[in-house]
Every structure is written in C-alpha cells, then in structure tokens.
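What follows is each chain in one-letter form.
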Amino acid sequence: MGAVDQSAAGDRLESTPGDHLERCLKRYDAALARDPMSALALVREWMRTDWRTFFAELRGQRPIFVTPAFTVVTRFADVVEVLSREEVFTVRAFGPRLDAALGAPFMLGRDATPMNWREKGLMQVMLAPQDAADLRELAGRIADEALDAAAPRGRIEAVGELFRHVALRVCEEYFGFPGPTPQTLSRWTRAVVTDGFANFQGDPMIQAESVRAGEEMMAYLRGLLAERRAALEAGRRPPAEDVFSRLIRTTLPAEVGVDDDRLLVNMAGLPLGFVESGPGAMVEAVEQLMLRPRVRAEAVDAARDPDPARFDRYVWEALRFSPFFKLLPRLCERDHVLAAGTPRRTVIPAGTFVLAAPASAMFDPDVVEEPDDFRLDRPGHVQLFFGHGHHACLGVHPARAVICEVVRRLLRRPGVRTLPPPDGEVVRAHGIFPDRFVLALGPDGKGV
Ligand code: HEM
C-alpha cells in the first residue's frame, strides 16, 4: 500500500460498537416468541437504519437469517451463490411491476430466457465500454457547468442541481433519450422505479402512477423512433451519435426477434437503470467521504491528480460503506441447500423470499481484510455495487465513468463540505431515493 492508503486506513469510524452486538438477535428472538409481526418490524427497522451493525451481528451469529417472512443472506460466498443461481433464485417478483409499466417483459423481470440472452448481448454492444472516456468528459463538463452556476450562492442542492441533473443530461446526450423535458423524464423514472423496487406493500396508487408513467414513456419513445427513422430515411444525419441512433441503425436478421417494440423497451431500460441509482450512488459516496475528514482531505488531493484512477478508488471504497443497492431480492423457486459443505449449510424451501445483501457481503472478513477500515486496496472482485451473475448491471461501464467524474468535479471545488442538520441531512423518498443533499461551496460558504 502507498502512503495515501496508509493514512486513509487510520480514519476509522466506529461503525460496529461492540456492546450493541448480540443485542439485535436477542431482541428479535424475544419479539418473535411474543409477537412475530413486531419481530419483523424490528428487522425492517434495523435494516433501514442500523444495517451495518445488524449485518455484522448476523454474519457472526446467523449468517443465513431465516425469518417467517424472508431469509437474509449475509456472507460473501452465499450472496454470490444466490446471485449466480438464477434458475433457483429468480427475479420473478420484479416481473409483474416492470411488465405493467412497460407493457412488455424486460430483462430484469425474467431469468435465463432467450430474450435475456439476446437483449442483454445487444445492449452490451450498444453501451460500448470504449464510450466511457468521452462520456466521462461529457459528465465532467456538465457537472462543472452546474457547479459554476451554484458557486456564487455558496451552496448547492447536490441531488437536483448536480447528480440528477447530470444523469438526465447523460440520458439526453449519450442515450439519445431526452424526454419531452428533463422534469418529465425524471418523473417517469421515479414513478416506475418506486413501484418496481420500493413499493413493498403493493400500494395501488404507486402502481397506478407507475403504469401511467410507463405508458407515457413508451408513447413518447414510439414518437421519437418515428422521428428519428424519418430523418434517417430523408438522409438527414442523426442529431448526435448516441445509443438510440446506434440501435436504430443496427439491422438484425428478422429471426433474431428484436423488433421495434423490443428496441423501445430496452431504450426505456436505460434511464430506468440510471436516473435513480446513479445519483443514489453519488450521494452515498459523497456522504461517506464527508464523514471521514482525513479521507476527505486525501480524496480532495487525489481529485486534482490528472490521473482519475487515483481518485476513483476513494469513490468505490466510500460506496462500500453504503452501497446504493444494499439488498437484492430473489424468489427461491425450488428447495435449495445454500452454503452446502460449510457450517452455514441451510435448506431454503421453495417459495422463500430471499434477500441477498451485498452491503453485508462487502464487510465479510473472509474476503475483505479489516472491513471496518477505509482502505484503497480492495480488490475489484469483492465489490458488488453492480450486482453479480446473470442480472449483473448492464450499465456498469457508463455508470462507473459518470459517478466517479461527477464526484471528482465536486471535490475539486474549494471548501466543499456538508452543512449541519437539518440542511446537511440527506432527504430520501421512501427512505431510498435521494431528493435533497445541500453542500456548502467556497470558503465559509460564501461561494467561490
Ligand atoms: C448507465 C447506467 C445504468 C444502466 C443503463 C443500468 C441498467 C441495468 C439493467 C438493465 C440491469 C438488469 C440487467 C439484467 O437483468 O440482466 C441492471 C442491473 C443492476 N444494476 Fe444497473 N444500470 C445503470 C447504472 C447502475 C448504477 C449506478 C448502479 C448502482 C451503483 C446499478 C446497479 C445495478 C445492480 C445492483 C443490478 C443488479 C440487480 C439485481 O441483480 O437484482 N446500475 N442495471
């Protein structure tokens, strides 16, 4: 490890106070014996607010934590096993919500179908990894413009003015999907993603909002496709070389089965994949960096280095302390012995709702040395920010570039820092999707 890594390691937060350990499971067992619903409420609350402590206890005491409603999987090897066995642990629960919004199946709602194989392959070609460098520049430029505009005020509401703003502009300029306005595209993604991934009670209002947003989005995309095609046929150049124009110009044999409807469903998947999770990850990373003064000072220094790779390691290690996707839900389709051949061996019965916890796996001391320390030498294969296996993130290359560059441009600003509560607190819709995170800019918050 270099000097930077050493000093960063010293900036350790007390994330797992010892006397709190042991307490959760005792309280859970007592509540379960008395009133099972209250036991589940406790688990939900700990997973929402005190998840690092709770997961630490589970990893040590009950790594495969079976409750009457769901099973939480906390060790790295077991999380990877769940995410690698798509025929056993499926995403069937996502299917109906996404189908209802998009009016057709999408890869994240189906497992191991010819459609997944074909369309993930196609979209991986469209989101070419070699685009990342230019995209990074684009995101950096948009971020700097937003920061310049905010600087005279001495503060920035980083979600709306920076993170989400950049994500929506990336949808416009890189995906070729601007929406009628950025605000409308933003409303659509929030509605569909909220129903798909945060509507645990099946609230019909949230479902209706998602269906309405999905219908509007698909109708808009059909119009945009017609416009783009007409322009192409008239010999006009596309407004830009973007992912949409690439898709339109790609001709596949008819028997492959990618017609216009499939093309548009996959276009819809781009902002749905990015506009919530991209800003979500940026907020988490910045919040974690700001919590650690020494790490923050080093990250600020690294942000000025012409080699962005030196900075990026700070973002990923910060995100390990609070990944945007803490749990990945799966439905167990048939009885399965999880962690076979280990002391953790557990039979998961068919029908079990399984929560694989990347947020816990990335603290498993079997694969992450001194997990509570902020260190820059974490190997990439233990990082599960973008999932693992069959449903691993399609957008990993563009997402990595944009997240790192936007956070880097922010940290290059002199005096950037969090504010005391309430202004400095992150406001999240449904406890998940960030809506507000005010940061001060410039010396004494007076702007630059
Ligand atoms: C360009 C931006 C992005 C796009 C287009 C995108 C798109 C997608 C798509 C289509 C899937 C489903 C893949 C499949 O079913 O095979 C997926 C999965 C996933 N994405 Fe992304 N994504 C983006 C950014 C992000 C970001 C910023 C994060 C978080 C830091 C993220 C985390 C994930 C995770 C964890 C999964 C796996 C979900 C699961 O296994 O249940 N993605 N992404």
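Residues numbered from 1 in each chain as written. Predicted model: local features only at pLDDT ≥ 70, side-chain atom pairs only at ≥ 80, totals over all residues. Heavy atoms only, no water.

Time to look at the overall build of the protein. Helix and strand counts for the protein stand at 18 helices and 12 strands. Over its C-alpha trace the protein gives a radius of gyration of 22 Å, about what one expects of a compact globule, namely 22 Å for 448 residues. Summarising its shape, the C-alpha atoms of the protein cover approximately 70 × 55 × 40 Å along the three principal directions. Relative to its 448 residues, the protein shows a buried fraction of 55%. (Helix = DSSP H or I, 4+ residues; strand = E, 2+ residues; numbered from the N terminus. Rg over C-alpha atoms; globule rule 2.2 N^0.38 Å. Buried < 20%, exposed > 50% of the residue type's maximum accessible area, 1.4 Å probe, protein only.)

With three bridges connecting them, strand β2 (residues 71-73) and strand β8 (residues 353-356) associate as parallel partners. Directly across from V73, in β8, lies its bridge partner A356. Two strands pair when backbone bridges link them, and strand β5 (residues 328-332) and β8 are joined in this way by four bridges, in the antiparallel orientation. Its bridge partner lying in β8, P329 is registered against L355. (Pairing = 2+ DSSP bridges.)

The subject of this paragraph is the coordination of the iron atom of the ligand. For the iron atom of the ligand, the protein supplies a single donor, C393 (SG), at a distance of 2.3 Å. Of note, C393 is situated in the loop between α17 (358-361) and α18 (396-411). (Donors = N, O, S within 2.8 Å, 3.2 Å for Na, K, Ca; no water.)

This next bit is on the site of the ligand. Close contacts around the ligand come from 27 residues, with K120, G273, R330, H391 and C393 the closest. In the environment of the ligand, an oxygen atom lies 2.6 Å from a nitrogen or oxygen atom belonging to the side chain of R330. Within the residue set of the shell around the ligand, elements represented by two or more residues are α13 (260-274), α14 (277-290), β5 and α18. For the shell around the ligand, a count of residues per class yields 18 nonpolar, seven polar and two charged. (Near = heavy atom within 4 Å. Polar contact = N/O pair within 3.5 Å; in protein donor to acceptor, adjacent residues only side chain to side chain. Nonpolar A, V, L, I, M, F, W, Y, C, P; charged D, E, K, R; others polar.)

Right, let's talk about the pattern of salt bridges for a bit. It is possible for side chains bearing opposite charge to pair when their charged atoms get close. Counted according to the given criterion, the structure contains 42 salt bridges. With its nearest N and O atoms 2.8 Å apart, the salt bridge here joins D366 to R75. Residue D366 is located in the loop between α17 and α18, and its partner R75 is located in the loop between β2 and α5 (76-84); the two are separated by 291 residues in the primary sequence. R75 gets classed as buried once you look at its relative accessible area, which sits at 15%. For D423, the salt bridge identified is with R436, shortest N-O distance 3.8 Å. With D423 in the loop between β9 (417-418) and β10 (427-429) and R436 in strand β11 (residues 433-436), this pair connects stretches of sequence that are 13 residues apart. (Salt bridge = Lys/Arg side-chain N within 4 Å of Asp/Glu carboxyl O.)

It is worth spelling out helix α2 (residues 23-34) at this point. Between its terminal C-alpha atoms α2 stretches 17 Å, which fits the 16 Å expected from 12 residues at 1.5 Å a residue. Among the residues of α2, C24, L25, Y28 and A31 are the ones counted as buried. Along the long axis of α2, the arc covered by the buried residues comes to 130°, so they all point the same way. For α2, the exposed residues set more than 90 degrees away from the buried face come down to K26, A33 and R34. Buried residues along α2 sit in contact with α3 (36-49), α4 (51-61) and β1 (64-66). (Expected span 1.5 Å × (residues − 1). Arc of directions from axis to C-beta. Contact = heavy atoms within 4.5 Å.)

What follows covers the sheet that holds β2. Pairing in this open sheet of five strands is mixed, and the strands run β1-β2-β8-β5-β3 from one edge to the other. At either margin of the open sheet sits one strand with a lone partner, and together these are β1 and β3 (89-90).

Relative to the elements of secondary structure, P420 occurs in the loop between β9 and β10. Residue P420 is classed as exposed on the basis of its relative accessible area, which comes to 59%. In sequence terms P420 and L439 are 19 residues apart; their C-alpha atoms lie 9.7 Å from each other.

Here the focus is the pairing of β11. Pairing between β10 and β11: three bridges, direction antiparallel. Bridging from a neighbouring strand, R428 pairs with P434 of β11. Hairpin connection between β10 and β11: a loop of three residues separates the two successive antiparallel strands, and H430 in this loop has a positive phi of roughly 55°.

Our next topic: the sheet that holds strand β4 (residues 155-157). On the basis of which strands lie adjacent, the open sheet formed by three strands has the order β4-β12-β9 and antiparallel pairing. Taken across any chain shown, the strands that pair with only one partner, and hence form the sheet edges, are β4 and β9. For β9 and strand β12 (residues 438-440), the ladder comprises two bridges, and the chain directions are antiparallel. When the sheet's bridge partners are listed, R417 is paired in β12 with A440.

Let's shift gears to the packing of aromatic side chains. What the rule picks out here adds up to 16 aromatic pairs. For the pair F54 and F65, a centre-to-centre distance of 5.9 Å together with 85° between the ring planes defines the contact as edge-to-face. Of this pair, F54 sits in helix α4 while F65 is found in strand β1, placing the two residues 11 residues apart along the sequence. Centre to centre, the rings of Y174 and F175 are 5.6 Å apart; their planes meet at 45°, and the pair counts as tilted. When its relative accessible area of 9% is taken as the criterion, Y174 is described as buried. The ring of F321 carries the charged tip of R320 above its face, separated from the ring centre by 4.7 Å. Directly above the ring of F363 sits R320, whose terminal nitrogen or CZ lies 4.6 Å from the centroid. (Phe/Tyr/Trp six-rings, centres within 6.5 Å; stacked < 30°, edge-to-face > 60°. Lys NZ or Arg CZ within 6 Å of the ring centre and 35° of its normal.)

Two numbers describe how α3 lies on α4: the axes approach to 6 Å, and their chain directions differ by 115°. Listed contacts from α4 to V43, W46, M47, R48 and T49 of α3 are W51, F54 and F55. (Axes fitted to C-alpha atoms, helices over the stretch in contact; angles between N-to-C directions.)

As a rule of thumb, nonpolar side chains are buried together in soluble globular proteins. Ranked by size, the top nonpolar core spans 122 residues in total, and within it L162, L221 and L411 carry the most contacts. Looking at this core element by element, the count peaks at 11 residues for helix α9 (residues 158-175). Residues in contact with L221, not counting those within four places in the same chain, are F177, F244, L264, M267 and A268. The next biggest cluster of nonpolar side chains, apart from the first, holds 20 residues, and it includes L25, L40, F55 and V72. (Core = buried A, V, L, I, M, F, W, Y, C linked by side-chain atoms within 4.5 Å.)

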